[in-house]
Structures are given as C-alpha cells and as structure tokens.
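Here's the letter readout for the chains.
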Amino acid sequence: MDCIIVILPLLIGWGLDLLLGDPASVPHPVVWFGKAIAACERRLNHGGARKLKGGVVAVTLIVGVFLLSLWLLRVVSGILWLDIALQSVLIFFCLAGTTLVREVRMVFKVVDVSLEAGRRQVGRIVGRDTSNLSAQEIRTAALETLAENLSDGVVAPLFWYALLGVPGMLAYKMVNTLDSMIGYRNERYRDFGMVAARIDDAANYIPARLTALLMVIVSGRFRLFAFVRRFAHCHASPNSGYPEAALAGILGCRFGGTHDYFGESVYKPYIGDTPRDFTYPDALTAIAVNRRVEALMILLALLLPLT
C-alpha cells in the first residue's frame, strides 16, 4: 500500500505534465503564491528594517505552505483514491518541464520567421529585457533558460519530493517563486529579497549540481565533467552555472555576456570557449537532454523513498 501511495502519484503527476504542461485555464498554486508575495511586498517593502521584514515574509510563506499542504494531505490520508488524486495534482503543479520545452521549441521556430516575434516569444520565459536582442541572443537566452529550468523546474522539485514528499515539493516551489519575484539585487529588492535569494541558493545547491551530473551522464560524454568544473563558477549565481555549463559543453558553445534587467546592464562571464550561432537542431539536442534527465530523475525520486 505504501508503495502505491509513493509510486502512483508521481507517475500520474509526471504524466499529466507531459500531456498538458501548464494549462492557462487551470488555477495554478504558483499564481496564488505570486499574489501572496506581491501583496506582502507592497505592504512591507518600504521604510526601515527591510531585510528583517523580507526575511520574515519569506520564512513565513515557505513554512506556511509546507504545513498547510502537510495538514491537507493528512486530512485525506484515510481515503486512498483521494490521497492519490490530490498528491498527483499537486505534483503535476510542481513540475515545469513540458511548458519550457514547448516554449523553447517555439522560440527557435518563430525567430527564423520574425525577429520581433522571437523577442516576444522569448520574453515569455526570461526576465531580461528582450526588446533589442538579436536572433542569436534570443536563441542563447532560450537555451540558457532551458538549462536553468531543468534544475529549478524539474530536478529540484523532485529532489525535495524525494526528501520531504509533496509538502517539500510545494515548499520548494514557494522558495523558487519568492526568488523569481523579489530575489533581485537592484535598488527595490536588494534588501527585502535578500533572505529569499539566500534560501533559494541553499535549496538549489545540491539539485543544480545533480542536474549537471545527470546531464553529463545522459550525454555519455564523461570528459565534460572537467568542462563543468571549469566553467560552473563563471556565473553570478552559485547554482545556475552548473546546468548551463553542462549544456554548453554538450552543445560545444558559449553562454553568457551582457544582458539588461529592469533597465540595468548586467555582465555575465562567459561559460564555454566556442562562440557560434545556434540552429534548430541545437534546440532539439538540448530538449532531448532535458527529457532524458527528467526521466532519470523521476526514477531516482521513485526509488529513494522506497529504500
């Protein structure tokens, strides 16, 4: 019975993500997370003690999501079918592999038709200013985001699922949402979002490195471990450089450079030695790597709770 409760929800949730992605018509918990974060930020991100207030908000929301989901699952735990259904839906909401794959594939298709369409399309998945991006910069941004999302949207949620179950998975999604909304080092968020950003760094420390490890394994090119060690630290984030370096090694390319965020130019050191133009087959290669890593991580997440 315990095996069923572990195995079925994860397989169903993963299957739903593969089939549906993130359907816009379905209410999504991350949207609710975002509204809660935005409301707290509007009320509290002013005056003094911004670091303290932001830290209290971050910890309260993360712990609150964990405890609320834990309570909810305990309420339905006596009804097997309802327990499995609820866990499956929550796991589905926590996985974000399919939507990004679809978006990246679309970026590569539309940018060959229209530069403006490519800028609009990539603007759906990146935080940087896309209004002046070249076609090559659009493709680069899409691939960098695909690599980062493999860690943030797939491997990390499954890692925390393996450790803490569905409540841990949901708590991680709150961590990630906090960082994506207030974890910036600009004037508005530098103090208020500092604790949220640090928590996100800690929560992704192992998953980011695990993602790079799995990417190299599924590529079958084990000499890329040295490449990842060399370039993973060439990133402002202590974590994002690992999956980006793994993908740069697999594609034989270079990521990084100067990007605009909220009106500020941010230079990111280069990851990789080989500047070259990307083509649609590069997107297909990156997507194939993502899917293989995802399947391998699902297997690990199934096996670890059973050991």
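Shown above is the structure to which this text applies.
Just so we're clear, the structure is a prediction, and the values are computed from it rather than from any experiment. Here, residues in each chain are numbered from 1, in the same order as that chain's written sequence. Totals for whole chains, interfaces and linings use every residue, but because this is a predicted model, local features are given only for residues with pLDDT of at least 70 and side-chain atom pairs only at 80 or more, for both listing and counting. The side-chain numbers reported here are obtained from all heavy atoms of the structure, hydrogens and water having been left aside.

1. Notes on the nonpolar core
For soluble globular proteins, the rule of thumb is that nonpolar side chains tend to be buried together. We define a nonpolar core as any set of buried Ala, Val, Leu, Ile, Met, Phe, Trp, Tyr and Cys residues linked to one another through side-chain atoms lying within 4.5 Å. Relative accessibility under 20% of the residue-type maximum defines a buried residue, over 50% an exposed one, and the middle range a partly exposed one, all with a 1.4 Å probe and only protein chains included. V122, L158 and L178 are the most contacted members of the largest nonpolar core, which has 84 residues in total. Helix numbering and strand numbering both begin at the N terminus, where a helix is a DSSP run of H or I of at least 4 residues and a strand a DSSP run of E of at least 2. No other element matches helix α7 (residues 135–182), which puts 22 residues into this core. Residues are treated as being in contact if the distance between any of their heavy atoms lies within 4.5 Å. Every residue in contact with V122, bar those within four places of it in the chain, is listed here: V107, T130, L133, I138, A141 and A142.

2. Some remarks on helix α5 (residues 97–111)
Given the number of residues in a helix, its expected span is that number minus one, multiplied by 1.5 Å. The terminal C-alpha atoms of α5, which comprises 15 residues, lie 22 Å apart, in line with the 21 Å expected from a rise of 1.5 Å per residue. With 11 of its 15 residues buried, α5 lies for the most part within the structure. Residues G97, T98, T99, L100, V101, E103, V104, V107, F108, V110 and V111 constitute the buried set of α5.

3. Looking at the packing of aromatic side chains
Aromatic ring pairs are defined here through the distance separating the ring centres and the angle between the ring planes. Working definition: a ring pair exists when centres of Phe, Tyr or Trp rings (six-membered ring for Trp) sit within 6.5 Å. Plane angles under 30 degrees give stacked, over 60 give edge-to-face, the rest tilted. Tallied over the entire structure, the rule returns 6 aromatic pairs. Centre to centre, the rings of F222 and F225 are 6.3 Å apart; their planes meet at 25°, and the pair counts as stacked. Residue classification places F225 among the partly exposed residues on the basis of a relative accessible area of 27%. Judged by centre distance (6.0 Å) and plane angle (35°), the ring pair of F255 and F278 falls under tilted. Placement of the pair is F255 in strand β1 (residues 255–261) and F278 in the loop between β2 (264–271) and α11 (280–303), with a sequence separation of 23 residues.

4. A few points about the side chain of E244
By the secondary structure assignment, E244 is in helix α10 (residues 241–251). Look at E244 and you get buried, because its relative accessible area is 2%. Separated by 3.4 Å, the side chains of E244 and H235 make a polar contact. In protein, a polar contact means a hydrogen-donor-capable atom and an acceptor-capable atom, both N or O and within 3.5 Å, with residues adjacent in sequence counting only if both atoms are side-chain atoms; elsewhere, any N or O pair within 3.5 Å suffices.

5. Description of the pattern of salt bridges
Salt bridge, as used here: a side-chain nitrogen of Lys or Arg that lies within 4 Å of a carboxyl oxygen of Asp or Glu. Counted according to the given criterion, the structure contains 7 salt bridges. Measuring nitrogen to oxygen at the nearest pair gives 2.9 Å for the salt bridge that ties E41 to R188. Of this pair, E41 sits in helix α2 (residues 29–44) while R188 sits in the loop between α7 and α8 (194–219), and the two are 147 residues apart along the sequence. Close ionic contact of R119 with E116 constitutes a salt bridge, the shortest N to O distance being 2.5 Å. Within this pair, R119 and its partner E116 are both found in helix α6 (residues 115–123), separated by 3 residues, close to a single helical turn. For R119, a relative accessible area of 14% puts it in the buried group.

6. A few points about the packing of α5 against α11
Only C-alpha atoms enter the line fits that serve as axes; for helices the fit covers just the stretch in contact. Angles between N-to-C directions range over 0 to 180 degrees. Between α5 and α11, whose axes approach to 9 Å, the crossing angle comes to 175°. If you check the angle between α5 and α11, you find them roughly antiparallel. Touching G97, T98, V101, R105, F108 and K109 of α5 are Y280, A283, I287, R291 and E294, all from α11. Classes in brief: Ala, Val, Leu, Ile, Met, Phe, Trp, Tyr, Cys and Pro nonpolar; Asp, Glu, Lys and Arg charged; the others, Gly included, polar. Residues belonging to the contact of α5 with α11 are distributed by class as follows: 5 nonpolar, 2 polar and 4 charged. By definition in this entry, angles of less than 35 degrees are roughly parallel, angles greater than 145 are roughly antiparallel, angles of 65 to 115 are roughly perpendicular, and the rest are oblique.

7. What about a nonpolar patch on the surface?
Residues L68, W71, L72 and V75 make up a contiguous nonpolar surface patch of roughly 420 Å² in combined accessible area. With respect to the secondary-structure elements, L68 resides in helix α3 (residues 50–75). Exposure remark for L68: the relative accessible area of 55% places this residue in the exposed category. Residues form patches when they are more than 30% accessible in relative terms and have no salt bridge. Like charges link within 9 Å. Nonpolar side chains (Val, Leu, Ile, Met, Phe, Trp, Tyr) link within 5 Å. Where accessible areas are quoted, they stem from the Shrake-Rupley method and a 1.4 Å probe; at the residue level, only the protein chains shown are allowed to cover.

8. As for α10
In terms of burial, α10 is largely enclosed, as 11 of its 11 residues are buried. For α10, every residue scored as buried is listed here: G241, Y242, P243, E244, A245, A246, L247, A248, G249, I250 and L251. Once α10 finishes, G252 follows within two positions and takes phi at roughly 65°, a positive value.

9. Quick look at the side chain of N45
Mapped onto the fold, N45 is located in the loop between α2 and α3. The exposure class assigned to N45 is buried, which follows from its relative accessible area of 10%. Among the polar contacts listed, one links the side chain of N45 to the side chain of E41, at a separation of 2.8 Å. A distance of 3.0 Å separates a polar side-chain atom of N45 from the backbone oxygen of R188. Setting aside its immediate chain neighbours within four residues, N45 contacts C40, R50, R188, Y189 and F192.

10. Here we look at the state of the cysteines
Disulfide assignment relies on a single distance test, namely cysteine sulfur atoms paired within 2.5 Å. What the rule picks out here adds up to 0 disulfides. We note that C40 lacks a disulfide partner, and the nearest cysteine sulfur, in C94, lies 20 Å from it. Residue C40 is classed as partly exposed on the basis of its relative accessible area of 22%.

11. Describing the packing of helix α4 (residues 80–94) against α7
Closest axis-to-axis distance for the α4/α7 pair is 10 Å, and the angle between their directions is 140°. As summarised for this structure, α4 and α7 are arranged oblique, according to the angle between their axes. The two elements α4 and α7 cross, and the hand of that crossing is right-handed. Residues Q87, L90, I91, F93 and C94 of α4 form the contact with α7, whose participating residues are G153, P157, Y161, V166, M169, L170 and K173. Of the residues contributing to the contact of α4 with α7, the split by class is 9 nonpolar, 2 polar and 1 charged. Two helices crossing with the near one rotated counterclockwise from the far one by less than a right angle form a left-handed crossing, whereas a clockwise rotation gives a right-handed crossing.

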